[in-house]
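Structural features, examined
What follows is each chain in one-letter form.
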Amino acid sequence: MELILETLGLAESAQLLSLSPPGWGANLLRGLVNSLKIAFGAFGFGLLIGLFGAYGKLYGGPVLRDLLAIYTTVIRAVPELVLILILYYVGTDLINKASSALGYGRIEISGVVAGIWVLGIVQGAYSIEVLRGAIQAVPPGQIEAARAFGMPPIMTMWRVTIPAMMSFATPGLANLWLIATKDTALLAIVGFSELTLETRQAASSTRAYFTFFLAAGALYLIVTLCSGVVFAWIEKWARRGQPSLREDRT
Amino acid sequence: MPTAASAEPSPEPDTLGEAIQVEDLHKSFGSLEVLKGVSLNARKGDVVAIIGGSGSGKSTMLRCINFLETPTSGKITIDGEQIEMNADGSPANRRQIERIRTRLAMVFQQFNLWTHRTLLENVIEVPVHVLKVSRAEAIAQARVLLDRVGLGDKADTFPAYLSGGQQQRAAIARALAVDPNVMLFDEPTSALDPELVGEVLTVIRDLAAEGRTMLLVTHEMKFAREVANHVVYLFEGRIEEQGPPAEVFGNPQSARLKQFLSSVA
Ligand SMILES: Nc1ncnc2c1ncn2[C@@H]1O[C@H](COP(=O)(O)OP(=O)(O)OP(=O)(O)O)[C@@H](O)[C@H]1O
Ligand SMILES: [Mg+2]
């Protein structure tokens, strides 16, 4: 009896989640794709900020260092939800002011671009600290050897410092990536149709809250599990040349 | 009189010209003056051994020659080309110093191989990316050099899997890969277990025999006496005594050098 009910319940859920129109599966997947686009863009944008910021903090002049210190402190102090509201509304407002000053009308800002910009700035602050720590962990002798052989600074950065710091940076960057995927859910508050907002809409139209939020949770979990595999692979690559402790013990 | 020994390098490798000229080199770290006016000449083919107590400024002097440390003042000329310096001693022309550094290969006490690259990749790194030699050519040459230092079978191994002696020999192969005019050695055997010292010294001895110009900071007095044709004794940032090894080791003039030699013997 129970078994049949359960099967019936599942059948109903399957119908709700189906990809073709009566079901909402396609909406959820569209939301997931948007979430991943933003997470990916924001993570990349954050890495870029992080790399320049880390070098700025380590080797920049006093003014640049102070500015970067203010940036990382403020961003890490304010709750992300508040930051997203501030950056989103301030950002769109500024762009519109600029465009009307230049004689253009209101600009429709793409949700993905806005999301990448907002989350990227948040990610950048954390990336700076992760990469700065990793750069400092590189044995100075390796950088010195590059200098002693006449390598120019930029080449030293690409050929020596960045590869050598990767093994120190990957665990922290993997964390940042996972935070990025989940922070996309916060963009629901500014009406961007990423996975969480799509889920809420599907759930409130069908009253099947449990089914849809469970499905969304499963999607986030799958993303995390896949990311884990990818980062394990990256870490293995980044640690090439370093004997692992486990290997030594056997 | 301490500096009585000839200020000129020994005459054997004659007529070949100057490889390194250091004139009145000063270097301070903050208020600590480490080099107090050092002058040194090395001609092509010279093997100059630099000896002295700990903290006497040997490493600092070597590192000032390729500007890993910024001198406070002085004049440095490599192969007749004077390095342009700002008033504060920093190199004025980054291109120039980078070009000159490729001719002054350095071998470090701690090897400083790039740990994320295999030995072969370490050896071809500078030829391919700095000197723009073709990859195939660089690999062929790297294999010859690794064979030469006895590491032909370790080309695809990462440094961390090798002994200190093997790493240092790989570092020497990396230095040879740029076909340097002068090789700078900073205590190449000091980080090695005693039984590994010999294999590295053998490689350096061969290089000396084939006429490579070298500046060699070392604590191995016997070895310095054997391979060098000029020995410089540094004491508290000044050259206390210099001359041919037979003179410096066999008939030291300065009381400090006598004491130093008896303390390391
Ligand atoms: N980066 C630095 N900052 C401050 N002081 C330094 C620095 N590098 C070296 N010194 C000081 O300069 C002096 C000379 O150091 P140096 O390394 O040249 O000595 P050394 O002759 O090579 O000694 P050792 O035989 O122990 O290697 C020492 O007193 C050392 O403490
Ligand atoms: Mg030293």
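Residues numbered from 1 in each chain as written. Chains lettered and ligands numbered in written order. Predicted model: local features only at pLDDT ≥ 70, side-chain atom pairs only at ≥ 80, totals over all residues. Heavy atoms only, no water.

You'll find chain B entered in an unreviewed UniProt entry as ATP-binding cassette domain-containing protein, with Parasedimentitalea maritima given as the organism. Reading the Subcellular location (unreviewed entry) entry of the UniProt record for chain B gives the comment "Cell membrane". Recorded in UniProt under Sequence similarities (unreviewed entry), the annotation for chain B is "Belongs to the ABC transporter superfamily." (UniProt positions renumbered as here; feature names shortened; annotations may be inferred.)

By the naming in an unreviewed UniProt entry, chain A goes by ABC transporter permease subunit and is assigned to Parasedimentitalea huanghaiensis. Under the UniProt heading Sequence similarities (unreviewed entry), the note attached to chain A is "Belongs to the binding-protein-dependent transport system permease family. HisMQ subfamily."

A cluster of nonpolar side chains, A:Leu81, A:Val82, A:Ile86, A:Val90, A:Leu94 and A:Ile189, forms an exposed patch at the surface whose accessible area comes to about 490 Å². As for its position among the elements, A:Ile189 is in the loop between helix H7 (153–183) and helix H8 (195–206). (Patch = residues over 30% accessible without salt bridge, like charges linked within 9 Å, V, L, I, M, F, W, Y side chains within 5 Å. Areas by Shrake-Rupley, 256 points an atom, 1.4 Å probe, with all protein chains shown as cover. Salt bridge = Lys/Arg side-chain N within 4 Å of Asp/Glu carboxyl O. Helix = DSSP H or I, 4+ residues; strand = E, 2+ residues; numbered from the N terminus.)

This brings us to the pairing of strand E4 (residues 73–78) of chain B. Residue and element names in this part refer to chain B. Relative to E4, strand E1 (residues 18–29) runs antiparallel, the two being bridged by five bridges. When the bridges of E4 are listed, His26 appears paired with Ser73. Note that E4 and strand E5 (residues 81–82) share two bridges and pair antiparallel. Across the sheet, the residue bridging to Thr77 is Gln82, located in E5. The hairpin formed by E4 and E5 contains two residues between the paired strands, and Asp79 there has a positive phi angle of roughly 50°. (Pairing = 2+ DSSP bridges.)

The next point concerns the UniProt feature "domain: ABC transporter" (unreviewed entry) in chain B. Per the UniProt annotation, the sites labelled "domain: ABC transporter" (unreviewed entry) are residues 20–261 of chain B. Along residues 20–261 of chain B, the helical share is 37% and the strand share 26%, with 27 Å between the first and last C-alpha atoms.

Facing 22 residues of chain A, the contacting portion of chain B comprises 29 residues. Linking chain A to chain B there are two salt bridges. When the shortest N-O distance is used, the salt bridge between B:Glu125 and A:Arg159 registers 2.7 Å. Where chain A touches chain B, the interface holds ten residue pairs in polar contact (both at pLDDT 80 or more). Only helix H6 (140–148) and H7 of chain A provide two or more residues apiece to the side of chain A that touches chain B. Counting residues per element, the side of chain A that touches chain B draws most heavily on H6(A), at seven residues. (Contact = heavy atoms within 4.5 Å. Polar contact = N/O pair within 3.5 Å; in protein donor to acceptor, adjacent residues only side chain to side chain.)

Residue and element names in this part refer to chain B. Counting buried residues along strand E7 (residues 182–186), five of its five residues qualify, which places the element largely inside the surrounding structure. What you see with E7 is no split at all: Val182, Leu184 and Asp186 on one side and Met183 and Phe185 on the other are buried throughout. Two elements, strand E6 (residues 104–107) and E7, share four bridges in a ladder whose sense is parallel. When the bridges of E7 are listed, Leu104 appears paired with Val182. Both E7 and strand E8 (residues 213–217) contribute to a ladder of five bridges, which runs parallel. Of the residues in E8, the one forming a bridge with Val182 is Thr213. One crossover worth recording links E7 to the parallel E8 by way of helix H6 (residues 194–209), and it is right-handed. (Buried < 20%, exposed > 50% of the residue type's maximum accessible area, 1.4 Å probe, protein only. Right-handed = clockwise from strand over helix to strand, strands pointing away.)

All names here are of chain B. With respect to spatial proximity, the complete set of residues near ligand 1 consists of Phe29, Val34, Gly53, Ser54, Gly55, Ser56, Gly57, Lys58, Ser59, Thr60, Glu187 and His219. Note that an oxygen atom of ligand 1 is positioned 2.6 Å from one of the side-chain N or O atoms of Ser54. Residue Ser59 places a side-chain N or O atom 2.7 Å away from an oxygen atom belonging to ligand 1. Coverage of ligand 1 by the protein amounts to 61% of the 640 Å² it exposes when considered alone. For the shell around ligand 1, the leading source of residues is helix H1 (residues 58–65), giving three residues. Here the residues of the shell around ligand 1 sort into two nonpolar, eight polar and two charged. (Near = heavy atom within 4 Å. Nonpolar A, V, L, I, M, F, W, Y, C, P; charged D, E, K, R; others polar.)

This paragraph deals with the UniProt feature "transmembrane region" (unreviewed entry) in chain A. Residue and element names in this part refer to chain A. As recorded in UniProt, the feature "transmembrane region" (unreviewed entry) lies at residues 38–56, 68–89, 109–128, 149–170 and 209–234. For residues 109–128, helix accounts for 90% and strand for 0%, while the C-alpha atoms at its two ends are 27 Å apart. In the segment residues 149–170, helix accounts for 82% and strand for 0%; the C-alpha atoms at its two ends are 28 Å apart.

Another point: the nonpolar core. Counting residues in hydrophobic clusters, the biggest one holds 95 residues, and the most contacted among them are B:Ile20, B:Ile50, B:Ile172, B:Leu184, B:Phe185 and B:Leu215. Sorting elements by how many residues they give to this core places H6(B) first, with eight residues. Once you skip the residues sitting within four places of it in the chain, B:Ile20 turns out to touch B:Leu40, B:Asn41, B:Ala42, B:Ile65, B:Thr77, B:Ile78, B:Leu104, B:Val182, B:Leu184 and B:Leu215. With 20 residues, the next largest nonpolar core counts A:Leu51, A:Tyr55, A:Met157 and A:Ala180 among its residues. (Core = buried A, V, L, I, M, F, W, Y, C linked by side-chain atoms within 4.5 Å.)

Let us look at helix H3 (residues 119–129) of chain B. In terms of residue burial, H3(B) counts as a mostly covered element, since nine of its eleven residues are buried. Within the span of H3(B), buried status applies to B:Leu119, B:Leu120, B:Asn122, B:Val123, B:Ile124, B:Glu125, B:Val126, B:Pro127 and B:Val128. At its buried positions, H3(B) is contacted by H7 of chain A together with helix H4 (135–148) and helix H5 (164–176) of chain B.

Residue and element names in this part refer to chain A. Counted under the stated rule, the structure contains one cavity of 30 Å³ or more. If you trace the largest cavity, you find it lined by Leu32, Ser35, Leu36, Ala39, Thr181, Thr184, Tyr220 and Val223. Contributions of two or more residues to the lining of the largest cavity are made by helix H2 (25–59) and helix H9 (209–238). If one sorts the elements of the lining of the largest cavity by residue count, H2 sits on top with four residues. For the lining of the largest cavity, the per-class residue count stands at five nonpolar, three polar and no charged. (1 Å grid on protein atoms, 1.4 Å probe; cavity = no way out; pocket = protein on both sides within 12 Å on 5 of 7 lines; lining within 4 Å. Points joined across faces, edges and corners; volume = space filled by probe spheres on them.)

This part covers the pattern of salt bridges. Taken as a whole, this structure holds 19 salt bridges over all chains when the rule is applied. Across the salt bridge formed by A:Glu129 and A:Lys57, the nearest N and O atoms sit 2.6 Å from each other. On the criterion of sequence distance, the pair formed by A:Glu129 in helix H5 (residues 111–137) and A:Lys57 in helix H2 is long-range, its members being 72 residues apart. Take A:Glu129: its relative accessible area is 17%, and that puts it in the buried class. Using a relative accessible area of 18% as the deciding quantity, one classes A:Lys57 as buried. Between B:Glu199 and B:Arg169 there is a salt bridge, with the nearest N and O atoms lying 2.8 Å from each other. Taken together, the residues span a long stretch of sequence, with B:Glu199 in helix H6 and B:Arg169 in helix H5 at a distance of 30 residues. Where salt bridges share partners, they join B:Lys44, B:Asp79, B:Glu81, B:Arg99 and B:Arg103 into one cluster.

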